[in-house]
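Okay, here's what each chain looks like letter by letter:
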Amino acid sequence: MLLAVRRVTQHNQGKKTAGVDGVKSLAPMQRLNLVNLLSSRYLKASPTRRVYIPKPGKDEKRPLGIPTMYDRALQALVKLGMEPEWEARFEQVLILIKQWLSNRGLEISEEKTRIVHIKDGFDFLGFNLRHYNDKLLIKPQKEKVLAFCKKIGKTLAQMKAKTQKEVIKTLNPLLRGFANYYRGVVSKETFSYIKYRVWHYLFSWATRRHPNKSLKWVFQRYYGSYRGTNGAFMCKGTGRKGKQQLYVLYDISSTPIVRHIKVKGKASPDDSSLQEYWEKRSTKTGKNYWARGSKYEQIAKFQNWKCPVCGDNLFNGEPIETHHIVPVAKGGSDDPENLMHLHKACHKQVHSRKSK
């Protein structure tokens, strides 16, 4: 219950969006009261606040129901409790979900639920699930891939007068975010395709800046060799403290594919006797969070993959932020010795203590 409340009130992006109850942020004592409220089995679900948001690539808008803070916490609690069971016994869990929702006055939307043959496949949350020769493959949804490439193209079109350093700093978070979302499925070909598209976008961006120069000159000006890879979009620039720094575009095709490891048997995160199992599982998964050999991976290793504030595993499902021990404003550097990885909530605690 504590974890469910923490996720919806402190971690989730929608934590500042209110439902019909008008509640969008909770003080520590209010969060504790919400935990106690979750233990009640007599509360029914409240109506959702209906808003309309644009459909991607269309002029139409679709309705979006925003639950109250209590209902969001209740949904998170159900998700945490049932997730380990979903993989092994999905059909039974689906029946339980329907029964549970029915008792709360809710039901699964028939409009959004359809049955298709697995050989034809279907799209869900940006993924395409389909059988190929009796083998299930999960790939990035084609429409999402093309939309992402167009987004990169539009971004560059708006940066005609920007420097190469600014372009790299803008594109890298987009590329890493896409790669992190899809690296758990069959994405190698997709990543290579995106690299191809991005390379041509960037080369066109560079040649337009120098219409009187040869293609060879443009290539030598904007591209170089990095870690054995020729043709890397890269440049030198000035860092925070005036030191020269190398800026390199993230090679999305180098993203390692990290296969999901199925949960063992009926193992539950709430089972205290399996704490060591879940810690090892979380650490193994988290070791692919940062690039191998990077300073961020070295920091995590030095911390033994734990948050120094709460002592819990870094990869317990909470967002992770990198903290400057000595703030940059006070002369702190970006060197590993001045950095530590903290859970987002723990990071806030550290800064709140300093401000007092």
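In this text, all values refer to a predicted model and were calculated from it rather than measured experimentally. (Residues numbered from 1 in each chain as written. Predicted model: local features only at pLDDT ≥ 70, side-chain atom pairs only at ≥ 80, totals over all residues. Heavy atoms only, no water.)

A. View of the overall build of the chain. Scanning the chain for helices and strands turns up 11 helices and 10 strands. In terms of its C-alpha atoms, the chain occupies a principal-axis envelope of roughly 75 × 55 × 40 Å. Sequence-distant contacts in the chain: of pairs separated by 6 or more residues, those separated by 24 or more amount to 54%. Side-chain charges of the chain comprise 67 positive and 29 negative groups, with the mean position of each set lying 8 Å from the other. (Helix = DSSP H or I, 4+ residues; strand = E, 2+ residues; numbered from the N terminus. Contact = heavy atoms within 4.5 Å. Lys, Arg positive; Asp, Glu negative; His and termini not counted. Charge placed at Lys NZ, Arg CZ, Asp CG, Glu CD.)

B. How the structure looks around the sheet that holds strand β6 (residues 223-226). The antiparallel open sheet is built from 3 strands, whose spatial order is β6-β7-β8. Both edges of this open sheet fall to β6 and β8 (244-248), since each of them pairs with a single strand only. Neighbouring strand axes in the sheet, compared pairwise and without regard to direction, differ in orientation by 55° on average. Where strand β7 (residues 229-238) lies against β8, 5 bridges are found, and the strand directions are antiparallel. For Met234, the partnering residue across the bridge sits in β8 and is Val248. Across the sheet, helix α6 (residues 164-182) touches β7 and β8, and the angle it forms with β7 is around 115°. (Pairing = 2+ DSSP bridges. Axes fitted to C-alpha atoms, helices over the stretch in contact; angles between N-to-C directions.)

C. Structural detail: the side chain of Asn128. Looking at the element boundaries, Asn128 is found in strand β4 (residues 127-132). At 2.8 Å, the side chain of Asn128 and the side chain of Asp123 are in polar contact. Setting aside chain neighbours within four positions, we find Asn128 in contact with Phe122, Asp123, Leu137, Ile138, Lys139, Pro140 and Gln141. (Polar contact = N/O pair within 3.5 Å; in protein donor to acceptor, adjacent residues only side chain to side chain.)

D. Broad picture of the pattern of salt bridges. If you walk through the whole model with that rule in mind, you get 3 salt bridges. The salt bridge involving Asp251 is made with Lys195; its shortest N-O contact spans 3.6 Å. With a gap of 56 residues between them, Asp251 in the loop between β8 and α9 (275-286) and Lys195 in helix α7 (residues 188-209) connect regions that are remote in the sequence. Relative accessible area serves as the criterion here: at 23%, Asp251 is assigned to the partly exposed category. (Salt bridge = Lys/Arg side-chain N within 4 Å of Asp/Glu carboxyl O. Buried < 20%, exposed > 50% of the residue type's maximum accessible area, 1.4 Å probe, protein only.)

E. Molecular detail of the packing of α7 against helix α8 (residues 215-222). It is at 10 Å that the axes of α7 and α8 come closest, and there the two elements cross at 110°. It follows from the interaxial angle that α7 and α8 lie roughly perpendicular. Classified by chirality, the crossing of α8 by α7 is right-handed. Facing α7, whose interface residues are Trp199, Phe203, Trp205, Ala206, Thr207 and Arg209, α8 presents Leu215, Val218, Phe219 and Tyr222. Its residues assigned to classes, the contact of α7 with α8 shows 8 nonpolar, 1 polar and 1 charged. (Parallel < 35°, antiparallel > 145°, perpendicular 65-115°, else oblique. Left-handed = near helix turned anticlockwise from the far one by under 90°. Nonpolar A, V, L, I, M, F, W, Y, C, P; charged D, E, K, R; others polar.)

F. Spotlight on α9. The terminal C-alpha atoms of α9, which comprises 12 residues, lie 16 Å apart, in line with the 16 Å expected from a rise of 1.5 Å per residue. Within the sequence span of α9, burial applies to Trp278, Arg281, Ser282, Thr283 and Gly286. (Expected span 1.5 Å × (residues − 1).)

G. How the structure looks around the environment of Cys149. Relative to the helices and strands, Cys149 resides in helix α5 (residues 142-157). Take Cys149: its relative accessible area is 1%, and that puts it in the buried class. Separated by 46 residues in the primary sequence, Cys149 and Lys195 have C-alpha atoms spaced 9.5 Å apart. If we skip the residues at most four places from it in the chain, Cys149 touches Tyr193, Ile194, Arg197 and Tyr201.

H. Main features of the sheet that holds strand β5 (residues 135-140). Judged by pairing direction, the sheet is antiparallel, and its 3 strands sit side by side in the order β3-β4-β5 without closing on themselves. Edge strands, defined here as strands with exactly one partner in the open sheet, are β3 (122-124) and β5. Going from strand to strand, the sheet's axes swing by 30° on average, the running direction of each strand aside. Relative to β5, β4 is paired through 6 bridges, and the arrangement is antiparallel. Each bridged residue has a counterpart across the sheet, and for Phe127 the counterpart in β5 is Pro140.

I. Main features of unusual backbone geometry. Phi is positive for Asp134, which is not a glycine, with a value near 65°. Within the chain, Asn304 stands out as a residue other than glycine whose phi angle is a positive 60°. Here Asn304 shows up in the loop between α10 (295-302) and β9 (320-324).

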